[in-house]
Amino acid sequence: MNVKELSTKAEITWCPGCTNYGILSAAKRAIVELVNNKKIDVKKVTIVTGIGCHAKIYDYLNVNGFYGIHGRVLPIAFGIKLANPELTVIGFGGDGDTYAEGVSHFVHACRYNADMVMIVHNNQVFSLTTGQMTPTSEVGYKGRSTPLGVKEKPLNPVALALINGATFVARGFALDVRHLTKLIEEAIEHKGFAFIDTLQPCLIYHDTSAYFKEHIYKLEETGHDTSNYEDALKRALEWDYCLNENVKIPIGVFYKVKKPTYGEQWPQLRKPFYMVKRKVNWEHVISEFR
Ligand code: SF4
């Protein structure tokens, strides 16, 4: 399989040069690599998106998918995985999507160790709706809803994921496609809740590209031990999502540990129970939506 086979005929309507292209490209490359190495079956890959600029990835990635609603990527994706544990389920959400309206789902997905991947396109702004603040906007950000600048300290999603029990916690950068590809591959292979907060500057409403290029460093180049929870938390707290000059921003895998997934702990979610064919009257179900 090659990357082209994962493209669709849909016209791409992201702004020219949008960093979402980096996430799309990394996701395609990671899926192709795993399919070619027979680690996953492309027919079993299912994506779920929320609402926002990120969500258009649903139209551009040629795999099964569910275009979700705002803030609800995680319950939909988790439900799909529980109904058919054989699927490789990948959620894509925005920062406004996941960390504002969807934050309770995020906390519980971490806590449950839901066996799925969650990639957040974090541009620290609501970009589709033209630049309102999100929970990860830095102090001082001036947008449509905050002309006097954000006053609240941003939420730190990496620390939040660690504290709530996620078993794979990483941060990527949309403009480092090769690095992000490896993170996505590792996340898909991980058994349990694999979360990647992906820094994805919005070129129109919050262009932090130059700032990130200057401040980012890679955890794997420092000998960071991904099995050490305390070290992971310490690294997570190195950056508070504000755009100060004297900080270094770690990217890479913060933490990775093997623990029972939600599905593994319930007998009814194991084979052969989920394979029982139910007699569903589809005509009746569909008629409710007519
Ligand atoms: Fe990308 Fe920002 Fe344009 Fe949305 S508004 S497509 S995030 S550059």
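Okay, so let's go over this structure.

The rules behind the values
- Position numbers for residues start from 1 in each chain and track the written sequence from start to end.
- With pLDDT at 70 or above as the cut-off, local features in this predicted model cover only qualifying residues; side-chain atom pairs require 80 or more to be listed or tallied, and sums for whole chains, interfaces and linings still use all residues.
- Think of the side-chain values as coming from all heavy atoms in the structure, minus any hydrogens and water.
- Only DSSP runs of H or I covering at least 4 residues are called helices, and only runs of E covering at least 2 are called strands; the numbering of each starts at the N terminus.
- The atom set for the radius of gyration is the C-alpha atoms, and the globule formula is 2.2 Å times the number of residues raised to the power 0.38.
- When accessible area is computed with a 1.4 Å probe and restricted to protein chains, residues below 20% of their type maximum are described as buried, those above 50% as exposed, and intermediate ones as partly exposed.
- Method for areas: the Shrake-Rupley scheme with a 1.4 Å probe, in which residue coverage is limited to the protein chains shown.
- Positive residues here are Lys and Arg, negative ones are Asp and Glu, while His and the chain termini are left out of the count.
- To locate a charge, take NZ of a lysine, CZ of an arginine, CG of an aspartate or CD of a glutamate.
- Residues are labelled near a given molecule or strand when at least one of their non-hydrogen atoms is within 4 Å of it.
- Each residue gets one of three labels, nonpolar for Ala, Val, Leu, Ile, Met, Phe, Trp, Tyr, Cys and Pro, charged for Asp, Glu, Lys and Arg, and polar for the others, Gly among them.
- Pairing between two strands requires that DSSP report at least two bridges joining them.
- Fitted lines through C-alpha atoms give the axes, limited to the stretch in contact for helices. The angle between two N-to-C directions lies from 0 to 180 degrees.
- Here, two residues are considered to be in contact whenever any of their heavy atoms come within 4.5 Å of each other.
- Seen with its strands pointing away from the viewer, a crossover is right-handed when the path leading from the first strand over the helix to the second is clockwise.
- Each patch is built from residues lacking any salt bridge and having more than 30% relative accessible area; the joining distance is 9 Å for like charges and 5 Å for nonpolar side chains (Val, Leu, Ile, Met, Phe, Trp, Tyr).
- A carboxyl oxygen of Asp or Glu within 4 Å of a side-chain nitrogen of Lys or Arg is what we treat as a salt bridge.
- A 3.5 Å cut-off defines polar contacts: any pair of N or O atoms within that distance qualifies, except that in protein one atom must be a possible hydrogen donor and the other a possible acceptor, and neighbouring residues in sequence count only when both atoms are side-chain atoms.

**Considerations on the overall build of the protein**
- Helices and strands together make up the secondary structure of the protein, namely ten helices and eight strands.
- Taking 2.2 N^0.38 as the reference for a compact globule, 290 residues should give roughly 19 Å; the C-alpha atoms of the protein span a radius of gyration of 19 Å, in line with that estimate.
- The principal-axis extent of the C-alpha atoms belonging to the protein is close to 60 × 45 × 35 Å.
- A buried classification covers 52% of the 290 residues belonging to the protein.
- Of the roughly 14000 Å² of accessible surface on the protein, a fraction of 56% belongs to carbon and sulfur atoms.
- Separation between the mean location of the 34 positive side-chain charges and that of the 30 negative ones in the protein comes to 6 Å.

**Thoughts on the site of the ligand**
- Around the ligand lies a shell formed by W14, C15, C18, N20, C53, N123, S127, Q200, C202, L203 and I204.
- Residue composition of the shell around the ligand, by class: seven nonpolar, four polar and no charged.

**Some details on the sheet that holds strand 1 (residues 45-49)**
- Ordered in space as 2-1-3-4-6-5-8-7, the eight strands form an open sheet in which the pairing is mixed. The open sheet has two free edges, formed respectively by strand 2 (64-67) and strand 7 (216-218), since each of these has just one partner strand. When strand polarity is set aside, the average angle formed by the axes of neighbouring strands in this sheet is 20 degrees.
- As judged from the five bridges shared by strand 1 and strand 3 (residues 88-94), these two strands associate in the parallel manner. By the bridge assignment for strand 3, V48 is matched with G91.
- Running at roughly 155 degrees to strand 8 (residues 249-256), helix 9 (residues 229-236) makes contact with strand 5 (168-173), strand 7 and strand 8 of the sheet.

**Considerations on the pairing of strand 5**
- The buried fraction of strand 5 amounts to six of the six residues, a majority that puts the element mostly inside the structure.
- What you see with strand 5 is no split at all: F168, A170 and G172 on one side and V169, R171 and F173 on the other are buried throughout.
- Pairing of strand 5 with strand 6 (residues 193-199) involves six bridges; the strand directions are parallel. Looking at the pairing, F173 lines up with L199 of strand 6.
- Handedness of the crossover joining strand 5 and strand 6 through helix 7 (residues 177-189): right-handed.
- Alignment of strand 5 against strand 8, held across four bridges, turns out to be antiparallel.

**What about unusual backbone geometry?**
- Residue P272 is bonded to the preceding K271 through a cis peptide linkage, with omega at 0 degrees.
- Relative to the helices and strands, P272 is located in the loop between strand 8 and helix 10 (282-287).
- Even without a glycine there, the phi angle at T130 is positive, about 75 degrees.
- Its place among the elements puts T130 in the loop between strand 4 (116-122) and helix 6 (157-163).
- When its relative accessible area of 25% is taken as the criterion, T130 is described as partly exposed.

**Details of a nonpolar patch on the surface**
- A grouping of I51, Y67, I69 and L128 is seen on the molecular surface, where their side chains present a nonpolar patch of about 360 Å² in accessible area.
- Tracing the backbone through its elements, the reader meets L128 in the loop between strand 4 and helix 6.

**Section: the pairing of strand 1**
- Extensive coverage of strand 1 is indicated by the burial of five of its five residues.
- Alternating positions in strand 1 separate into two faces, V45, I47 and T49 on one and T46 and V48 on the other, with burial throughout.
- Where strand 1 and strand 2 come together, four bridges link them in parallel fashion. Bridge pairing in strand 2 links V48 to F66.

**With respect to the environment of K39**
- Structurally, K39 is set in the loop between helix 1 (20-36) and strand 1.
- Remark: the alpha-carbon pair of K39 and I188, spanning 149 residues in sequence, is separated by 9.5 Å.
- When sequence neighbours within four positions are dropped, the list of residues in contact with K39 reads L34 and E189.
- Looking at K39, its side chain comes within polar contact range of the side chain of E189, at 3.5 Å.

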